[in-house]
Amino acid sequence: MDVFDYIVVGGGSAGCTVTHRLVKAGKSVLLIEAGPSDNNQFVHMPGGFVRLFSTERVQVYQSEPQTAAGGRAISVPQGRTLGGGSSVNAMIYIRGSAEDYDEWRDMGNPNWGWDDVLPAFKRAESNQRLAGPFHGTEGPLPVSDTRFRHPLSFAAIRAAQEAGYSYNDDFNGAAQQGIGFYQVTQRDAVRGSTASTYLQAVRRDSRLKVMLRATAGKILTENGAAVGVTVADDSGAATAALAREEVILTAGALATPKILMLSGIGPAQDLGALGIPVVRDLAGVGINFQDHLDVPFYLRVKDPISLLGEDKGLKAARHYLQYKLFRSGLLCSNVVEAGGFIDTTGSGRADVQIVFIPLLLGDPPREGPPGHGLSINPAVLNPKSRGTVKLRSANPQDPILFDPKFLSAPEDLAGFVRGLKAVRKIGSQPSLKTLGAVEISPSGEPMMSTDEDMAEHTRRYAKSIYHPAGTCRMGSDDDAVVDSHLRVRGVPRLRICDASIMPKIPRGNTNAPTIMIAERGADFILGAR
Ligand SMILES: Cc1cc2nc3c(=O)[nH]c(=O)nc-3n(C[C@H](O)[C@H](O)[C@H](O)COP(=O)(O)OP(=O)(O)OC[C@H]3O[C@@H](n4cnc5c(N)ncnc54)[C@H](O)[C@@H]3O)c2cc1C
């Protein structure tokens, strides 16, 4: 059996980050990734990521029917390739608000307040335009402005200002609120995933072994401590590897709790019912699931100016050539170029994120309504609904039993109603009216007018924006899965460093926060030596 200093399970946003830091510190590392390499042009070309849906590089987790969402099963796609989410995501670079991390600290996690996490955000970052107290310029992760900006993104930004929202050109600076263009994890119009940056920088180091198309099944334990993992390749053939120091789980918020439970670490009653011997009874594994949803708000426009049809035939060929020859044009776009953060309650904090999408976008791969237009989607940033990830059986091949309990908290539905009113106000401003923008419904039913209409629209059309988090929460209470150094409570030599440790989902997109968590995880691991 191969023996390494550390085994990292899951080569996604977090896994590639931790691996980089450990190898740089002179440690030997085995990185196990279930998916294939990131060697695919649609990973690296920013506008190509929409083509990755329905390919082997995206794994779709299907929920149980959601009672509070019209009985629908809602899908949550996740990256399944080197770089994980950072290789397939929309590249929006957002950290959340400073108060989010102060809340983490106040939830029993010393050293996770804003002042504690800001240095890790900055250390990760290499910002092309911004520097100063909030930004790093020397890190592995490239952050830049989008090279291409669609006319509909500009129009929506102007309309939002006409509606009274201020313009913000740095959502990760002194204030999160306002409307503007997002910065993206790109450099020179090429995606900067953690695989193409962090991992690539150590890829040739002889201390690193990367296993692709390799699925970790169980953590091996000895006297209750983690000592290694079992791994199966695509044919199902199994092997095992041992770690001298630690096993680090970075398989993401839907797979990390699965691996723990398959290994006998989780709620003893559930494990017992499936015949899995209990290594450590941890009631909090798989509970506290959180995600951001958004809901479509569609404006049809008069002229054929949206992205509709740009990915087909001669138009697509022209964009492709322009990108290949000059690194310019539509394929430099991350599609979700602009949006912002608004306060719909008057609390002083943003509670709704808005995205402007220059297309009548459905829930990929499901298409949106026909015609040219713009989607202005509100997302509730601080959802109160909490769901669960459980095992269906003791068989690692079986999908998880996934009940996100989306919209189960009435506050979430109320947030969407406020968010829809805000985007409707933006949609009615002169800069969009001049394009002939008219509100349309997703499938021809009557327009929303009352609050109840908007709530019903949300129940029918809300969809995940792919930020699963919180299923192995950090804390110091009985339901916490990891402590504030990311060590699994009661299981020596086992750590979790991915989005599953978030006690509460931050108010924004989750890639940068996950990379920050992994940076801090690496600090704790190396500091512990
Ligand atoms: C389509 C999409 C768009 C998004 N857009 C944005 C955005 O614009 N901005 C933003 O900030 N965030 C975005 N996100 C969210 C963000 O990318 C994620 O929050 C982040 O990638 C989570 O990182 P992670 O390391 O926790 O998990 P992941 O990056 O998902 O990594 C987990 C890795 O573990 C692997 N794995 C799972 N199980 C096993 C196993 N048993 N053995 C071995 N390997 C395993 C998976 O294949 C995967 O590569 C998006 C996500 C998606 C899917």
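All values derive from a computational prediction rather than experimental measurement.

What counts, and at which threshold
- Sequence order sets the numbering: in each chain, residues are counted from 1 along the sequence as written.
- Confidence filtering applies because this is a predicted model: local features only for residues at pLDDT of at least 70, side-chain atom pairs given and counted only at 80 or more, and all residues used for totals across whole chains, interfaces and linings.
- Water and hydrogen atoms were dropped before computing side-chain values, which therefore reflect all heavy atoms in the structure.
- Note on ring pairs: Phe, Tyr and Trp rings are taken, using the six-membered ring of Trp, and paired if centres are within 6.5 Å. Classes follow the plane angle, with under 30 degrees stacked, over 60 edge-to-face and the rest tilted.
- Secondary structure elements follow DSSP: runs of H or I no shorter than four residues count as helices, runs of E no shorter than two count as strands, and numbering proceeds from the N terminus.
- Note on exposure labels: buried denotes an accessible area under 20% of the residue type's maximum, exposed denotes more than 50%, and partly exposed covers the range between, all computed with a 1.4 Å probe on protein chains only.
- For each residue, the test is whether any non-hydrogen atom lies within 4 Å of the molecule or strand; if one does, the residue is near.
- Each polar contact in these results corresponds to two N or O atoms within 3.5 Å; when the atoms are within protein, one needs to be able to donate a hydrogen and the other to accept it, and residues that are neighboring in sequence are counted only if both atoms are side-chain atoms.
- We get accessible surface area from the Shrake-Rupley algorithm with a probe of 1.4 Å; when it comes to residues, only the shown protein chains can shield them.
- Any carboxyl oxygen of Asp or Glu within 4 Å of a side-chain nitrogen of Lys or Arg constitutes a salt bridge here.

Tell me what's going on with the packing of aromatic side chains, and back it up with residues and numbers.
Enumeration over the complete set of coordinates arrives at 12 aromatic pairs. Residues F154 and F181 carry aromatic rings whose centres are separated by 4.9 Å and whose planes lie at 70° to one another, so their mutual orientation is edge-to-face. Here F154 is found in helix α6 (residues 151-162), whereas its partner F181 is found in strand β7 (residues 178-181), with 27 residues between them in sequence. A residue is classified by how much of its surface remains accessible, and F154, at 36% relative accessible area, is partly exposed. Note on F181: relative accessible area 7%, which makes it buried. A centroid spacing of 5.4 Å and a plane angle of 50° characterise the contact between F171 and Y182, whose relative ring orientation is tilted. A residue pair is termed long-range when its members are at least 10 positions apart, and F171 in the loop between α6 and β7 and Y182 in the loop between β7 and β8 (183-184) qualify at 11 residues. For the residue pair F171 and Y182, the accessibility class agrees, reading buried in each case. Connected via pairs of aromatic rings, a cluster forms that spans Y101, W104, W112, W114, F121 and F524.

Break down the site of the ligand for me, with residues and values.
Near the ligand you find 38 residues, and of these S13, E33, G85, T510 and N511 are the closest. Between the ligand and S13, the relevant distance is 2.7 Å, taken from an oxygen atom to a side-chain nitrogen or oxygen of the residue. Within the backbone of A90, a nitrogen or oxygen atom sits 3.1 Å from a nitrogen atom of the ligand. When the ligand sits alone it has 1000 Å² of accessible area, and the protein chains cover 95% of it.

Give me unusual backbone geometry: which residues, what numbers.
Glycine aside, a negative phi is what most residues show, and trans is what most peptide bonds show. The phi dihedral of R213 is positive, around 50°, even though this residue is not glycine. Mapped onto the elements, R213 comes out in the loop between β11 (208-211) and β12 (214-222).

Summarise the pattern of salt bridges; cite the residues concerned and give the values.
The tally for this structure, following the rule as stated, stands at 32 salt bridges. In this structure, R495 engages E246 in a salt bridge whose closest nitrogen and oxygen atoms are separated by 2.7 Å. In this pair, R495 sits in strand β26 (residues 494-496) while E246 sits in strand β14 (residues 238-249), placing the two residues 249 residues apart along the sequence. As far as burial versus exposure is concerned, R495 and E246 are alike and both buried. Via salt bridges that share partners, D100, E103, R349, K504 and R507 belong to a single interconnected network.

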